[in-house]
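Working through the structure, step by step
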Amino acid sequence: MTDPGITLRSATPFDAPRIAALHTRSWRENYAGDMSDDYLTHEAPAERLSVWTNRFTDTPENMRVVLAEAGTQLLGFCCLFFDHDPTDGTLLDNLHVHADYKGHGIGKRLMHDAAEAVLSYDPAGKLYLWVLESNTPAMTVYRRLGGLPGRSERHHMPGTGKAGVAAIAMHFDPPTLLERSAGATQ
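Overview of the structure. What you are looking at is a predicted structure, and each value in this text was computed from that prediction instead of being measured.

So, how was this worked out
- Residues numbered from 1 in each chain as written.
- Predicted model: local features only at pLDDT ≥ 70, side-chain atom pairs only at ≥ 80, totals over all residues.
- Heavy atoms only, no water.
- 1 Å grid on protein atoms, 1.4 Å probe; cavity = no way out; pocket = protein on both sides within 12 Å on 5 of 7 lines; lining within 4 Å.
- Points joined across faces, edges and corners; volume = space filled by probe spheres on them.
- Helix = DSSP H or I, 4+ residues; strand = E, 2+ residues; numbered from the N terminus.
- Nonpolar A, V, L, I, M, F, W, Y, C, P; charged D, E, K, R; others polar.
- Salt bridge = Lys/Arg side-chain N within 4 Å of Asp/Glu carboxyl O.
- Buried < 20%, exposed > 50% of the residue type's maximum accessible area, 1.4 Å probe, protein only.
- Arc of directions from axis to C-beta.
- Contact = heavy atoms within 4.5 Å.
- Axes fitted to C-alpha atoms, helices over the stretch in contact; angles between N-to-C directions.
- Left-handed = near helix turned anticlockwise from the far one by under 90°.
- Pairing = 2+ DSSP bridges.

**Re the layout of surface pockets**
Volume-wise, the largest pocket comes out at about 1000 Å³. Considering the residues around the largest pocket, the lining is formed by 42 residues, among which Tyr31, Leu95, Asn135, Ala138 and Tyr142 are closest to the centre. Ranked by residues supplied to the lining of the largest pocket, first place goes to strand β4 (residues 89–97) with 7 residues. Here the lining of the largest pocket is built from residues that sort into 22 nonpolar, 13 polar and 7 charged.

Here it is, written out as structure tokens:
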């Protein structure tokens, strides 16, 4: 169960620096070894800020970014791209929770909100995300929420070099996700 003082709201362009900072921190904490230390230390802050600033400057119509906050503190966020893939459906492109707040249901609450958004957008909609093979804690959580592993691909993310990094598509049935994440909303 999450703290009742935690609220969800849609992000605005003014949130780009906070989102970029949490995104960078999350990558540093979770992807050391998958991404170069040089990238994570020196390039990621500016590169992530550029990505998020650009996303809000030229916002795709199918993008939705939701923040989880306690007061003015950003605890987590997720980013959806509706109708991203004709087969897989809506892409949950990013889901990051501040390390100090993992285990408090914030990620589940963001996933619940994502499932609701997908079903509001398309009652027969599908939801998927990509998770790095090395991120076994996240894979465990996604499986508990009903995620089913699909294809594996090499993703060429910043700081991963020419070889990229192995990632697995996790597919969710939004009604099942709603059911399994329901406790996180109370």
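That covers the picture; the talk isn't over yet.
**With respect to the pattern of salt bridges**
For the structure on display, the rule yields 11 salt bridges. Two residues, arginine 9 and glutamate 69, come together in a salt bridge whose shortest N-O distance is 2.8 Å. Taken together, the positions of arginine 9 in strand β1 (residues 6–10) and glutamate 69 in strand β2 (residues 63–70) put the pair 60 residues apart, joining distant regions of the chain. A salt bridge links glutamate 69 to arginine 18; its shortest N-O distance comes to 2.9 Å. Residue glutamate 69 is located in strand β2, and its partner arginine 18 is located in helix α1 (residues 16–30); the two are separated by 51 residues in the primary sequence.

**Thoughts on helix α4 (residues 136–144)**
Within α4 the residues assigned to the buried category are Ala138, Met139 and Tyr142. In a view along the axis of α4, the buried residues occupy a sector of 100°, so they form one face of it. Along α4, exposed side chains directed more than 90 degrees from the buried face belong to Pro137 and Arg144. Next to the buried residues of α4 lie β4, α3 (106–121), β5 (127–132) and β7 (165–172). Of the residues one or two after α4, glycine 146 is the one with positive phi, at around 95°.

**Some remarks on the packing of α3 against helix α5 (residues 174–181)**
Contact geometry of α3 with α5 gives a least axis separation of 9 Å together with a crossing angle of 145°. Handedness of the α3/α5 crossing: left-handed. The residues of α5 that touch α3, namely those facing Lys108, Met111, His112, Ala115, Glu116, Val118 and Leu119, are Pro174, Pro175, Leu177, Leu178, Arg180 and Ser181. Tallied by class, residues from the contact of α3 with α5 come to 8 nonpolar, 2 polar and 3 charged.

**Description of the pairing of β4**
Counting buried residues in β4 gives 8 out of 9 residues, a clear majority hidden from the surface. Sheet analysis places strand β3 (residues 73–85) next to β4, joined by 7 bridges and oriented antiparallel. Within β4, the position partnered with phenylalanine 81 by the bridge is leucine 91. Between β3 and β4, which pair antiparallel one after the other, the connecting turn spans 3 residues. Bridging between β4 and β5 involves 2 bridges; their strand directions are parallel.

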